[in-house]
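# Reading the structure
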Amino acid sequence: MGAMPAEVNFEDKVLPLWTFEQLNALGRSQLKNRGMNLRDAVGESRLPPFVQGATQQATIIWIIQAQVMLMQASGTQCTPSDFGLPGDFGQAEGGYFGGKPSMAAGNSVDEGMRAPSEPSLQANADAISAHAEAMAGSQAAKNRNRGSNIFG
C-alpha cells in the first residue's frame with residue numbers, strides 16, 4: 001500500500017494514525033498515553049487487551065495492530081508493515097542472553113531448533129483481520145437489532 005493516511009474516521013470520530021518511526025521516537029509515558037487514548041476512543045472491548053506496564057516495543061506493536069484493525073474496519077486493507085513496523089521488531093536477537101553464538105553469526109540452526117520465521121507476523125495480521133471482520137459483523141447486527149425509532 002502507498003502512504004498511510006494521518007487519520008481515520010471511526011464511528012464519527014477522527015482518530016490520528018502514527019507510523020512506526022513516530023511511535024519509536026516517543027518516550028514510554030507518551031506511548032502509554034497514546035495507547036490508552038486509542039483504547040478509550042475505540043472501546044476497550046473492541047481491541048486486544050492493552051497492558052499498561054508493557055515494554056515500549058510491546059506498546060508500539062499494540063498501537064500499530066490496533067490501527068490496522070481500525071483501517072480494516074473502515075474498509076482499507078493494510079498490514080503492520082504499511083505503518084513501517086519492521087518484520088523482526090520485538091523479537092529477541094539470537095546469540096545474546098543465552099542464545100548460541102553460531103545462530104547470531106548466521107550459521108545453520110542446530111537440529112531440534114527452529115529458526116524464527118515471518119509467518120508469526122502474518123498470523124497476527126490474519127487474526128487482526130478476522131477480528132476486524134467479526135467486529136464489523138457485530139456492529140451490523142447491533143444496528144439491525146436496534147430497529148427504527150418511529151415510536152419516539
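Here, every reference points to the structure presented above.
So, how was this worked out
Residues numbered from 1 in each chain as written. Predicted model: local features only at pLDDT ≥ 70, side-chain atom pairs only at ≥ 80, totals over all residues. Heavy atoms only, no water. Helix = DSSP H or I, 4+ residues; strand = E, 2+ residues; numbered from the N terminus. Expected span 1.5 Å × (residues − 1). Contact = heavy atoms within 4.5 Å. Core = buried A, V, L, I, M, F, W, Y, C linked by side-chain atoms within 4.5 Å. Buried < 20%, exposed > 50% of the residue type's maximum accessible area, 1.4 Å probe, protein only. Salt bridge = Lys/Arg side-chain N within 4 Å of Asp/Glu carboxyl O.

Another aspect to go through is helix α2 (residues 28-42). Owing to its 3.6 residues per turn, the α-helix brings residues three or four apart onto one side. Spanning 15 residues, α2 covers 21 Å between terminal C-alpha atoms, matching the ideal 21 Å at 1.5 Å per step. Elements that come into contact with the buried residues of α2 comprise β1 (7-10), β2 (13-16), α1 (20-24) and α3 (56-73). Phi for Gly43, located one or two positions after α2, is positive at around 115°.

Turning our attention to the nonpolar core. Counting 29 residues, the largest nonpolar core has Leu23, Leu38 and Phe83 as the members making the most contacts within it. Broken down by element, this core gets its largest block of residues, 9 residues, from α3. Those residues in contact with Leu23 that sit more than four places away from it in its chain are Trp18, Leu31, Arg34, Ile60, Ile63 and Ile64.

Moving on: the pattern of salt bridges. Applying the stated criterion across every chain, the model contains 2 salt bridges. The shortest N-O distance in the salt bridge between Arg46 and Glu11 comes to 2.7 Å. One end of the pair, Arg46, is in the loop between α2 and α3; the other, Glu11, is in the loop between β1 and β2, and 35 residues separate them in sequence. Accessibility expressed as a relative area gives 18% for Arg46, which makes it buried. In this structure, the salt-bridge partner of Arg39 is Asp40, at a minimum N-O distance of 3.1 Å. A relative accessible area of 12% means that Arg39 is categorised as buried.

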